[in-house]
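Now for the letters of each chain:
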Amino acid sequence: MKPVNKLIQQDGAIQDRAIFWDEDIYQKEMEEIFARCWLFLTHESIIPDEGDYQSTMMGEDSVVVARQKDGSIKAFVNSCTHRGNAVCFSDGGNAKSFTCPYHGWVFGMDGNLVDVPLEKQAYHNEIDKDALHLKKIRVESYKGFVFGTFDDEAPSLKDYLGGMAWYMDSFMDVPGGCELIGPPMKSILDCNWKNPTENFIGDGYHVGWAHASALEIAGGPLAIAKGNAVYDAETSGLQVTVPEGHGFGVIWEGAAALHGGPVFEAYQKWLDDRSPLIREKMGEHREKFYRGHWDAAIFPNCSFLYGTNTFKMWQPRGPHSIEVLTWTLVEKEMPDQLKQMIHTDNMLTFGTAGILESDDGENMEQCTQTNRGYSTRQGTLYLGMGKGHEYLDPELPGLVSKGWVNEAPQRGMYRRWAEFMEGKPWSELSTTAQLEQKKVGG
Ligand code: FES
Ligand SMILES: [Fe+2]
């Protein structure tokens, strides 16, 4: 593997193409990023009752996340401690325990080994069941969004989210909070996991071009963006990157704008009615973010569009493939009918067969697959748009750029990627707190 400072240069603006292709870089990502970061698992609303569980992936590790007797949530690696078989073959459900299909070891919903066949006759009661629990995963929730990490040294989830949490509160901390509609849709895309992450974190640029035809069909107010017709850097929106690697772009007043017809009407009314409450609770900045449309990513591989309300995980499957998981994000207090309308719209636009998502599928796959060519792969790629125009806003966390067509969040993502790939300990990784100090001249 080339040294990291050759893979990412100029503060994230130049990337070596190898990072989208090379197996050794991918394995290093598994070690330095996916085994260390907080990774999204599920939402509390999807496993509300004792025994409810979901199976998912953390990097390439199969894991189960389950609601416990005491209401807490635990997660463990889905691999039997006898010979390694998977103990759970289901996507989710409700269970009292998991019984391994190979030799019948039984694990509780907390991952503890509770029973083994022939314990007396064949093991002579000498097996130490306490030592043979499934590998446990650290779990924390932020406003109902459940994350796990393999790294005991990792900071709290809240600190990991850094300045991004302040922004996400605009919708996560609304009265009643948010929830996800699951189970997630799943599909395979033959691209590197970073391609869709960088697309969601800050790629406002592609929208008017890649989605020109879909925007026309979708028909909501955002359809005016087709063909890059009305872009105005001063008034259109904002882009943000926080040192923790997360980021987003926002289109002001755009939350409902990709929904057409009656969904737009109903959702816009909901937003209008709620806005005074948001302003009262969180101030006028967050009210503005609440009413905006976001494309966003939580480093490393969770993305969402607030407004359109698609919520995604890009689960890596080797350097050239991912499994995409798609949920729908809604406010808990929305009427059921509105939730269902948003959910259906999400499937139509950003589901497996979504009309916008399928425009992107091809782009994502080719951005990866062109690097199959040895000579192609010797080159670099460029994310220099708006470089040097980021600024510190005294009232907003992170580094801010004007307009929603900009590549500042992508650069932030690759700066973070480089920090992790250099193997820095948590104490040496950049944080929002350090950036805040700069604002006050510290
Ligand atoms: S591998 Fe699970 S019981 Fe043997
Ligand atoms: Fe897109």
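Conventions and cut-offs
Residues numbered from 1 in each chain as written. Chains lettered and ligands numbered in written order. Predicted model: local features only at pLDDT ≥ 70, side-chain atom pairs only at ≥ 80, totals over all residues. Heavy atoms only, no water. Axes fitted to C-alpha atoms, helices over the stretch in contact; angles between N-to-C directions. Helix = DSSP H or I, 4+ residues; strand = E, 2+ residues; numbered from the N terminus. Parallel < 35°, antiparallel > 145°, perpendicular 65-115°, else oblique. Left-handed = near helix turned anticlockwise from the far one by under 90°. Contact = heavy atoms within 4.5 Å. Donors = N, O, S within 2.8 Å, 3.2 Å for Na, K, Ca; no water. Buried < 20%, exposed > 50% of the residue type's maximum accessible area, 1.4 Å probe, protein only. Pairing = 2+ DSSP bridges. UniProt positions renumbered as here; feature names shortened; annotations may be inferred. Nonpolar A, V, L, I, M, F, W, Y, C, P; charged D, E, K, R; others polar. Domains from an automatic or database assignment. Buried area = accessible area lost by both parts, 1.4 Å probe. Salt bridge = Lys/Arg side-chain N within 4 Å of Asp/Glu carboxyl O. Polar contact = N/O pair within 3.5 Å; in protein donor to acceptor, adjacent residues only side chain to side chain.

Caption draft 1: View of the packing of helix H8 (residues 261-290) against helix H9 (residues 336-350). Two numbers describe how H8 lies on H9: the axes approach to 10 Å, and their chain directions differ by 130°. Compared by their axis directions, H8 and H9 come out oblique. In this structure, H8 crosses over H9, and the sense of that crossing is left-handed. Listed contacts from H9 to Pro262, Val263, Ala266, Tyr267 and Trp270 of H8 are Leu338, Met341, Ile342 and Asp345.

Caption draft 2: Just the coordination of the iron ion (ligand 2), in detail. Around the iron ion (ligand 2), the donor atoms from the protein are His206 (NE2), His211 (NE2) and Asp360 (OD), and they sit 1.9 to 2.1 Å away. Positions of the donor residues of the iron ion (ligand 2), expressed as sequence spacing, correspond to H-x4-H-x148-D. The exposure classification of His206 matches that of His211, with both residues buried.

Caption draft 3: Quick look at the pairing of strand E12 (residues 145-149). Burial of E12 is extensive: five of the five residues sit out of reach of the surface. The two faces of E12 match: Phe145, Phe147 and Thr149 on one face and Val146 and Gly148 on the other face are all buried. Sheet analysis places strand E3 (residues 39-43) next to E12, joined by four bridges and oriented antiparallel. Note that in E12 the partner of Leu39 across the bridge is Gly148. In terms of strand pairing, strand E11 (residues 136-142) meets E12 through five bridges, oriented antiparallel. Paired with Val139 across the bridge in E12 is Gly148.

Caption draft 4: Inspection of the UniProt feature "domain: Rieske" (unreviewed entry) in the protein chain at higher detail. Under the UniProt annotation, "domain: Rieske" (unreviewed entry) lies at residues 38-148. Secondary structure within residues 38-148 divides into 0% helix and 42% strand; the distance between the first and last C-alpha atoms comes to 5 Å.

Caption draft 5: Expanded view of the packing of helix H2 (residues 23-34) against helix H12 (residues 408-421). Where H2 contacts H12, the axes come no closer than 9 Å and their chain directions differ by 85°. With respect to H12, the axis of H2 lies roughly perpendicular. In this structure, H2 contributes Ile25, Lys28, Glu29, Glu32 and Ile33 to the contact, and H12 contributes Trp417, Phe420 and Met421. Across the contact of H2 with H12, the residue classes tally to five nonpolar, no polar and three charged.

Caption draft 6: Layout of the domain arrangement of the protein chain. Each assigned domain of the protein chain is listed with its residue range as follows: domain 1 (4-24 + 163-439) and domain 2 (39-141). Taken residue by residue, the interface counts 17 residues in domain 1 and twelve residues in domain 2. The contact between domain 1 and domain 2 buries some 1100 Å² in all, and 59% of this surface belongs to carbon and sulfur atoms. Between domain 1 and domain 2 we count one salt bridge in total. Where domain 1 touches domain 2, the interface holds five residue pairs in polar contact (both at pLDDT 80 or more). Counting residues per element, the ones that place at least two in the side of domain 1 that touches domain 2 are strand E13 (178-189), strand E18 (310-316) and strand E19 (322-331). Ranked by residue count, the leading element in the side of domain 1 that touches domain 2 is E13, at six residues.

Caption draft 7: How the structure looks around the sheet that holds strand E8 (residues 97-99). If you trace the three strands from one edge of the open sheet to the other, you get E8-E9-E10, paired in antiparallel fashion. Of all strands in the sheet, those bounded by a partner on one side alone are E8 and strand E10 (113-115). Pairs of neighbouring strands in the sheet enclose a mean axial angle of 35°, with direction left out of account. For strand E9 (residues 106-108) and E10, the ladder comprises two bridges, and the chain directions are antiparallel. Looking at the pairing, Val106 lines up with Asp115 of E10.

Caption draft 8: Representation of the sheet that holds strand E1 (residues 8-9). Reading across the sheet, the three strands line up as E1-E2-E20 and stay open at both edges, with antiparallel pairing between neighbours. Looking at the sheet topology across the chains shown, the edges are occupied by E1 and strand E20 (380-382). Where strand E2 (residues 14-16) lies against E20, three bridges are found, and the strand directions are antiparallel. Directly across from Ile14, in E20, lies its bridge partner Tyr382.

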